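Here are the chains, one letter per residue:
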Amino acid sequence: MSSHDIFIGETIGTAILTLLGGGVCAAVTFKRSKAFEAGWVAIAFGWGFAVLTGAYLAGGVSGAHLNPAVTLGLAIEGGTKWSDVPLYVVSQLFGAMIGAVLVWLAYYGQFHAHLTDREVLAAHNGSADDEGLVDPKAAPEAGPVLGVFSTGPEIRNMLQNLVTEIIATVVLVLAILTQGLNAEGNGLGVLGALITALVVVGIGLSLGGPTGYAINPVRDLGPRIVHALLPLPNKGGSDWSYAWVPVAGPLIGGALAGAIYQLF
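Residues numbered from 1 in each chain as written. Predicted model: local features only at pLDDT ≥ 70, side-chain atom pairs only at ≥ 80, totals over all residues. Heavy atoms only, no water.

> Just give me the short version of unusual backbone geometry, but keep the residues and values in it.
Generally, phi is negative for residues other than glycine and the peptide bonds are trans, each holding for most cases. With a phi angle near 60°, Leu 66 is a residue other than glycine that sits in the positive phi range. As for its position among the elements, Leu 66 is in the loop between helix H2 (40–62) and helix H3 (68–77). Overall, Leu 66 belongs to the buried group, its relative accessible area being 3%. A positive phi angle is found at Ile 215, which is not glycine, with a value near 45°. As for its position among the elements, Ile 215 is in the loop between helix H9 (191–207) and helix H10 (217–229). The exposure class of Ile 215 is buried, given its relative accessible area of 6%. (Helix = DSSP H or I, 4+ residues; strand = E, 2+ residues; numbered from the N terminus. Buried < 20%, exposed > 50% of the residue type's maximum accessible area, 1.4 Å probe, protein only.)

Following this line, the structure appears as structure tokens:
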């Protein structure tokens with residue numbers, strides 16, 4: 001694959017993945033959304049279909065890694081050249097940021113309505129003034145719409161949160177590395193995208209509860225950067241003190257999965 005192929009495929013594929021994944025989070029979060037409070041099952045399947053769509057789009061162009069943890073695992077396994085790893089990662093981060101911006105544009109009215117809603121702000125911050133506005137300095141680390149962009153733990157224990165992300169990512173990357181493994185070394189072709197999507201749904205339903213299952217550094221970091229930069233009223237903080245967990249955890253998990261594959 002040429003550098004152009006990798007950049008185009010990973011940028012577009014990761015942008016679509018983030019657009020659809022962030023989109024389902026927005027749909028479930030916003031009071032002025034028809035899917036408001038649709039629940040965790042909707043989110044898990046939404047992210048699975050997001051992976052499926054992004055992978056189908058990018059599969060024939062860049063191999064559809066769409067995730068630095070997958071790229072790292074494939075590099076350790078030997079299927080990806082180490083010299084291509086930086087381009088994959090940069091392209092994936094750029095695509096994730098584009099996807100997050102597209103979520104904001106698609107739900108522009110809902111963002112404004114949600115972040116100026118007196119009840120929403122009062123519930124999130126504990127109090128609001130007569131106009132439903134909150135002093136940004138008083139906002140908590142994680143703002144009321146950060147969950148549309150990035151993940152956060154239900155119980156804030158950094159070690160447990162890190163271990164959860166590592167375990168979930170090992171499952172994902174091992175499932176990718178061993179797809180269709182047989183004596184001839186044949187993979188599953190385009191069917192692999194569907195299998196991967198179902199694995200993501202399974203991880204979301206079974207291991208996603210503690211941290212929101214980033215299992216992809218750029219899926220979390222790119223949108224978190226966009227959240228910090230967007231001119232959203234009363235958006236609160238981007239929770240940078242937690243941001244290292246959904247980056248380090250998946251990278252460690254991807255490396256472990258590659259090592260396990262090579263060892264066994």
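From this point, the narrative continues.
> Any chance you could break down the confidence of the model for the protein for me, citing the residues and the numbers?
Confidence in the prediction for the protein averages 91 pLDDT; 90% of positions are at 70 or higher. Below pLDDT 50 for its whole length, residues 132–139 participates in 12 contacts with residues either more than four positions away or in separate chains. (pLDDT = per-residue confidence, 0-100. Contact = heavy atoms within 4.5 Å.)

> Talk me through the packing of aromatic side chains; I want residue IDs and the actual numbers.
For any two aromatic rings, the description comes down to two numbers: the centre-to-centre distance and the angle of the planes. What the rule picks out here adds up to seven aromatic pairs. The interplanar angle of 70° and the centroid separation of 4.8 Å between the aromatic rings of Phe 30 and Phe 111 together place this pair among those described as edge-to-face. Of the two residues, Phe 30 sits in the loop between helix H1 (3–29) and H2 while Phe 111 sits in helix H5 (residues 108–115), which places them 81 residues apart along the sequence. Among the residues examined, Phe 30 registers a relative accessible area of 0% and is labelled buried. Looking at Phe 111, the relative accessible area reads 1%, which means it is buried. Following the ring pairs from residue to residue traces out a cluster consisting of Phe 30, Tyr 107, Phe 111 and Phe 149. (Phe/Tyr/Trp six-rings, centres within 6.5 Å; stacked < 30°, edge-to-face > 60°.)

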